[in-house]
Amino acid sequence: MDERFRLFPEEASTLARETDHLLYYLLGVSVFFTLLIFVFVVYFALRYRRRSDNEFPPEVPSPLSLEITWSVVPFILMMGMFFWGASLYVQMKRPPANAMQINVVGKQWMWKVQHPNGAREINELHVPTGRTIRLMMASQDVVHSFFIPAFRIKQDVIPGSFVTQWFIATKPGTYHLFCSQYCGTEHSKMVGRVIVLRPEEYEAWLAGAPPDEPPPIAGGRLFVTYGCVACHSARAPTMAGLYGSRVQLDDGSTTVADDAYLRESIIEPGAKVVAGYPPVMPSYRGQLSEEQLIDLVAYIKSLGAGASTEGGVRPLPATRPVNGFSPDRAPNYPPARQTPGAEPVEVERGRLGGGREK
Ligand SMILES: [Cu+2]
């Protein structure tokens, strides 16, 4: 690593250059106007100083053209900052398609990383150049913040949720990885290295890393051992094609089945109940680690993405009889609460024991 003094960290990602350009613009505008104002203050103080006790300044009307100029010019410069910053922010928050997902779990006081093939590392992150990397991050305890100065990315990792961050590394090398959120006594030791390799070097590194179960396979195993499969094949929504699709909820609204939704549905199943199904799923809060939650979501994702991510409503799987209730008897099933004539669904809810009274 280059240990010479440098004003700005190295630029090692595609976002780094653009972030710096915006920063140079902000600095440039700030320095220019600070100096301009400073020079005018000194100049006017000397030029128009009071020269004798009986000197009174004449009243000078402010010219309209000057008023307009010094209102409009800063307005344009500020709006430039706003739109430039906002567009960069939006770009930073939306990972491009076909990103390679690497999972990161923060805990006191380390970063645990897992690659798509299952390979794990701690406080180190190996990535290839030129590839879109999407980090799927979670915290096991307190708020941490994943900070790679050379990539100009910093993302708070909040317990109880999944957060994502993406980047494309551009320059092979070793860079700092920090936790930039005070997270306990050994926060200052929660540091690591990001090692950017050429794609072929990355493949070689992956091949040489100790093998481990890929997340979707580990998730599939959890799906069976935690008994999810017992319900999510007949009595509850199936998982095939669920990821990324739009789901009809029992309050009439819809939601996209993304990582956050799946996580919430495991931890707090009553928060968003799929229309036509009784809210009987137990909560798995405290039973699954962050890694296991990531694995489960990876498994569901591996079952296929929804075909109707572009705003359509995924048809609910209701082809099999549920506890003796056949969908054939209720032509309006499943949109239970939207259609007034969907009485059989309500009856069925009561019979399953967990039905909520309207
Ligand atoms: Cu931390």
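Counting restarts for each chain, with residues numbered from 1 along the sequence as it is written. Local features are withheld for residues below a pLDDT of 70 in this predicted model, meaning they are given only at 70 or higher, and side-chain atom pairs are given and counted only at 80 or more; totals for whole chains, interfaces and linings count all residues. Hydrogens and waters are ignored; side-chain quantities use all the structure's heavy atoms.

Focus: the coordination of the copper ion
Then, in step 1: Those protein atoms acting as donors to the copper ion are H144 (ND1), C179 (SG), C183 (SG) and M190 (SD), and they sit at 2.0 to 2.6 Å.
Then, in step 2: Here the term donor refers to an N, O or S atom within 2.8 Å of the metal (or 3.2 Å for Na, K and Ca), and because water is left out of the atoms, sites may appear incomplete. Geometry is assigned from the angles between donors: four donors with all angles from 85 to 135 degrees make a tetrahedral site, four or six donors whose opposite pairs exceed 155 degrees while the rest stay between 65 and 115 make square planar or octahedral sites respectively, and everything else is labelled irregular. Taken together, the 4 donor atoms surrounding the copper ion define angles of 92 to 125° at the centre, an arrangement classified as tetrahedral.
Then, in step 3: Here the donor residues for the copper ion map to a single chain with the spacing H-x34-C-x3-C-x6-M. For the pair C183 and M190, one class covers both residues: buried. Only protein chains enter the accessibility calculation, which uses a 1.4 Å probe. A residue is then buried if its area is under 20% of the maximum for its type, exposed if over 50%, and partly exposed in between.

What to know about the pairing of strand 7 (residues 153-157)
Then, in step 1: Secondary structure elements are defined from DSSP: runs of H or I of at least 4 residues count as helices, runs of E of at least 2 residues count as strands, and each element is numbered from the N terminus. The side-chain alternation of strand 7 yields one buried face, formed by I153, Q155 and V157, and one unburied face, formed by K154 and D156.
Then, in step 2: Sheet topology places strand 6 (residues 144-148) next to strand 7; 5 bridges connect them, and they run antiparallel. Counterpart to F146 in the pairing with strand 7 is Q155. Pairing between strands requires that DSSP locate at least two bridges from one strand to the other.

Description of the sheet that holds strand 7
Then, in step 1: Pairing is mixed across the open sheet formed by 5 strands, whose spatial order is 4-10-9-6-7. Every other strand in the sheet has two partners, leaving strand 4 (124-128) and strand 7 as the edge strands with one partner each. The mean inter-strand angle of the sheet, taken between neighbouring strand axes irrespective of direction, is 20°.
Then, in step 2: Direction of pairing for strand 4 relative to strand 10 (residues 191-197): parallel, over a ladder of 5 bridges. Within strand 10, the residue paired with P128 across the bridge is L197.
Then, in step 3: In this fold helix 3 (residues 199-208) packs onto strand 4 and strand 10, with an angle of close to 135° to the strand it touches most, strand 4. Throughout, an axis means a line fitted to C-alpha atoms (over the contacting stretch in the case of helices), and angles, computed between N-to-C directions, take values from 0 to 180 degrees. Contacts are assigned to residue pairs that have any heavy atoms within 4.5 Å of one another.

Overview of the layout of surface pockets
Then, in step 1: Computed over the protein atoms alone on a 1 Å grid, cavities are sets of points where a 1.4 Å probe fits but cannot get out and pockets are open sets with protein on both sides within 12 Å along at least five of seven lines; a residue lines them when it has an atom within 4 Å of a point. Grid points are joined across faces, edges and corners, and a volume is the space filled by probe spheres set on the points. Reported here for the largest pocket is a volume of approximately 690 Å³.
Then, in step 2: Together, 33 residues line the largest pocket, and H232, A236, P237, P269 and M281 are the ones closest to its centre.
Then, in step 3: Counting residues per element, the ones that place at least two in the lining of the largest pocket are helix 5 (228-231), helix 6 (259-267) and helix 7 (290-302).
Then, in step 4: Sorting elements by how many residues they give to the lining of the largest pocket places helix 6 first, with 4 residues.
Then, in step 5: Its residues placed into classes, the lining of the largest pocket shows 26 nonpolar, 4 polar and 3 charged. Residues were grouped as follows: Ala, Val, Leu, Ile, Met, Phe, Trp, Tyr, Cys and Pro as nonpolar; Asp, Glu, Lys and Arg as charged; and all remaining residues, including Gly, as polar.

Examining the packing of helix 6 against helix 7
Then, in step 1: Axis separation between helix 6 and helix 7 bottoms out at 10 Å; the angle between their running directions is 120°. As summarised for this structure, helix 6 and helix 7 are arranged oblique, according to the angle between their axes. In terms of crossing hand, the pair formed by helix 6 and helix 7 is right-handed. Taking contact as the criterion, the partners of D259, L262, R263, I266 and I267 in helix 6 are, on helix 7, E290, L293, L296, V297 and I300.
Then, in step 2: A class-by-class count of the residues in the contact of helix 6 with helix 7 yields 7 nonpolar, no polar and 3 charged. Working rule for angles: under 35 degrees goes down as roughly parallel, over 145 as roughly antiparallel, 65 to 115 as roughly perpendicular, anything else as oblique. Helix crossings get a hand from a simple test, with the near helix turned counterclockwise from the far one by less than a right angle marking a left-handed crossing and a clockwise turn marking a right-handed one.

Describing the environment of P74
Then, in step 1: Inspection of the secondary structure puts P74 in helix 2 (residues 64-93).
Then, in step 2: P74 sits in the partly exposed class, given a relative accessible area of 28%.
Then, in step 3: Between the C-alpha atom of P74 and that of F33, which follows or precedes it by 41 residues, the distance is 9.8 Å.

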